[in-house]
Amino acid sequence: MKLPIYLDYHATTPVDPRVLEAMLPFFAESFGNPASRNHKFGWMAATAVENARKQVAKLINASAKEIVFTSGASESDNLAIKGVAHRYHDRGNHIITMATEHKAVLDSAKRLIPEGITVTLARLQPDGLVDLDDLKRAITDKTLLVSIMAANNEIGVIQPLAEIGLLCRERGVLFHTDAAQATGKIPIDVQAMQIDLLSIAGHKMYAPKGIGALCVIRRGAVELTPILDGGGHEGGLRSGTLNVPGIVGLGKACEFCRQDMPEESRRLAALRDRLKDGLLAGLDGIHINGSLEHRLPNNLNVSFPGLDVATLMSAMSDIALSSGSACTSGTPEPSYVLKALGVSEEVANTPLRFGLGRFTTEEEIDYCLRRVVETVKKLREMGSTAAA
Ligand SMILES: *Cc1c(COP(=O)(O)O)cnc(C)c1O
């Protein structure tokens, strides 16, 4: 076993060696621009891109023409939300989302407020699932878009996508889901779930950073105003020369995730439950955040009330963990995700996020379990001595 152990797979994942291998030719030998229509260099790149488009589409039961390659889920979220608001401003001015979304969704929606868009945050249940009745009530005839994430990046809670999709379709409202943490981990079917727009992040699923996709279902019927103008790439939705190696990597990553998903999700859920059960058996006074039933197989989020989690993490520098999302960390603020669930200040201030992944082993989980239990006990002893 090699130290440090990586248990921060929600922040990012390593590129799978098989994905890297598939990408390598497209940096040098097959370096063509897929928009070059007059020679073999361009044709080869274009063929590779179209093959990757099919691989991405297949993972979520979309069709290849519905996939728009972007730089990642942040860009996809921006394009979906701003793109709908700008394209359909004559039809309505209302967007519904929720407080536990990634900042790429929340801040995209917020950016539209000065333009006259109203943003409603649907109520959440204490387990992190959106309150469907409240969501239903929030929809008005001015509502353009509902943006509800597939799975949360801190607490791994999976939202009832099919129910939300049905609700939106019935009311003629577009449904966007940020699936950065969900694609490749749990089955997603954009047809069955009636999803209109879906964001994907390559680096959360063993492809490189800086590549992602926005799936625009029923493209043609669903239109977006682009953010980037230029050469009209990606059907005019995202100008800019395509990141061919990244796209090839994302395609391969989707294929591997699709093939491995049933077995891999069972394996990860078993390891995660081993960790959870061990922590609960070894430590009292800890608090598990978010639904255990509707949850990513690779996520565990535990609060340690009374403990300074920054100290806990630095006492365990042989394990790479995070207390919240990588995107807002650096600021020692309580988790806005946990606060939105209505937990106590103590719980919101002391979360530790365990993110398991493809290269996590049972040996690593057992080591981590031992280290957390012994370190928490030691810190609690020191704390009580200091207090006395
Ligand atoms: C990581 C993440 C993003 C951002 O994706 P990037 O590809 O890094 O821009 C957006 N939403 C969620 C839920 C994420 O986990």
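Scroll up to find the structure this text is about.
The following paragraphs examine the structure supplied in this document. Counting restarts for each chain: residues are numbered from 1 in the order of the written sequence. Since the coordinates come from a predicted model, pLDDT governs what is reported: local features require at least 70, and pairs of side-chain atoms require 80 or more to be given and counted, while whole-chain, interface and lining totals use all residues. The side-chain quantities take in all heavy atoms of the structure and omit both hydrogens and water.

Before going further, it helps to examine helix H6 (residues 161-171). Per-residue accessibility, obtained with a 1.4 Å probe over protein chains only, is compared with the maximum for each type, and a residue is labelled buried under 20%, exposed over 50%, and partly exposed between these values. Numbered from the N terminus, helices here are DSSP runs of H or I no shorter than four residues, and strands are runs of E no shorter than two. All of the buried residues in H6 are Leu161, Ile164, Gly165, Leu167 and Cys168. Around the axis of H6, the buried residues are gathered within 165 degrees of arc, so they sit on the same side. Along its buried surface, H6 packs onto helix H5 (132-138), strand S5 (143-147) and strand S6 (174-178). With its phi angle positive at about 70 degrees, glycine 172 sits one or two positions after the end of H6. This arc describes the spread of directions from the helix axis toward the C-beta atoms. Note on contacts: a residue pair is in contact if any heavy atoms of the two residues lie within 4.5 Å.

Glancing now at helix H2 (residues 40-60). The periodicity of an α-helix, 3.6 residues per turn, causes residues three or four positions apart to be oriented the same way. Between its terminal C-alpha atoms H2 stretches 31 Å, which fits the 30 Å expected from 21 residues at 1.5 Å a residue. Burial in H2 covers these residues: Gly42, Ala45, Ala48, Val49, Ala52, Arg53, Gln55, Val56, Ala57, Leu59 and Ile60. Any helix carries an expected span of 1.5 Å times its number of residues minus one.

In this section: the packing of helix H3 (residues 73-87) against helix H4 (residues 103-111). Look at H3 against H4: their axes get within 9 Å of each other, and the N-to-C directions meet at 35 degrees. Judged by the twist between their axes, the crossing of H3 over H4 is right-handed. Facing H3, whose interface residues are Ser74, Asp77, Asn78, Ile81 and Lys82, H4 presents Ala104, Val105, Ser108, Ala109 and Arg111. When residues are grouped by polarity, Ala, Val, Leu, Ile, Met, Phe, Trp, Tyr, Cys and Pro land in nonpolar, Asp, Glu, Lys and Arg in charged, and all others, Gly among them, in polar. In the contact of H3 with H4, the residues fall into four nonpolar, three polar and three charged. To get an axis, fit a line to the C-alpha atoms, keeping to the stretch in contact for a helix; angles then go from 0 to 180 degrees between the N-to-C directions. Note on convention: the crossing is left-handed when the near helix lies turned anticlockwise from the far helix by less than a right angle, right-handed when the turn is clockwise.

All right, on to the pairing of strand S7 (residues 197-201) then. Of all five residues making up S7, five are buried, and the element is well covered by its neighbours. Neither face of S7 is left uncovered, since the one carrying Leu197, Ser199 and Ala201 and the one carrying Leu198 and Ile200 both have all their residues buried. Here, strands pair whenever DSSP counts at least two bridges between them. Pairing between S6 and S7: three bridges, direction parallel. In the sheet register, histidine 176 faces S7, and the bridge partner there is leucine 197. With five bridges connecting them, S7 and strand S8 (residues 212-216) associate as antiparallel partners. Paired with alanine 201 across the bridge in S8 is glycine 212.

Another point: the nonpolar core. Buried residues of nine kinds, namely Ala, Val, Leu, Ile, Met, Phe, Trp, Tyr and Cys, make up a nonpolar core once their side-chain atoms join them within 4.5 Å. Core analysis: the biggest nonpolar cluster contains 70 residues, and Ile60, Phe69, Val146, Ile188, Leu198 and Leu250 have the highest contact counts within it. Here this core gets nine residues from one element, more than from any other, and that element is helix H7 (residues 244-282). In this document the domain limits rely on a domain assignment from an automatic tool or a database. The two domains that each donate at least three residues to this core are domain 1 (5-12 + 261-387) and domain 2 (17-256). Those residues in contact with phenylalanine 69 that sit more than four places away from it in its chain are Val49, Ala52, Arg53, Val56, Gly212, Ala213, Glu234, Arg238, Ile247 and Leu250. If you look at the next biggest cluster of nonpolar residues, it comprises 29 residues, including Leu283, Val302, Met316 and Leu321.

Bringing the pattern of salt bridges into the picture now. Any carboxyl oxygen of Asp or Glu within 4 Å of a side-chain nitrogen of Lys or Arg constitutes a salt bridge here. Tallied over the full model, the rule gives 22 salt bridges. The salt bridge involving arginine 274 is made with aspartate 366; its shortest N-O contact spans 2.8 Å. Of this pair, arginine 274 sits in helix H7 while aspartate 366 sits in helix H11 (residues 362-387), placing them 92 residues apart in sequence. Among the residues examined, arginine 274 registers a relative accessible area of 35% and is labelled partly exposed. On the accessibility criterion, aspartate 366 (23% relative accessible area) is partly exposed.

The next subject is the site of the ligand. In this text, near means that some heavy atom of the residue lies within 4 Å of the molecule or strand in question. The immediate surroundings of the ligand are formed by 13 residues, with Ser74, Asp178, Gln181, His203 and Lys204 found nearest. In protein, a polar contact requires one atom able to donate a hydrogen and another able to accept it; more generally it is a pair of N or O atoms within 3.5 Å, and residues adjacent in sequence count only if both atoms are side-chain atoms. Within the side chain of glutamine 181, an N or O atom sits 2.7 Å from an oxygen atom of the ligand. Interatomic distance of 2.7 Å between a side-chain N/O atom of lysine 204 and an oxygen atom of the ligand. All accessible-area figures derive from a Shrake-Rupley calculation using a 1.4 Å probe, and residue coverage is judged against the displayed protein chains alone. Contact with the protein chains hides 89% of the accessible area of the ligand, taken as 390 Å² for the molecule alone. Per-element accounting of the shell around the ligand gives the leading share, three residues, to H3.

As far as function goes, none of this settles anything; it's purely spatial.
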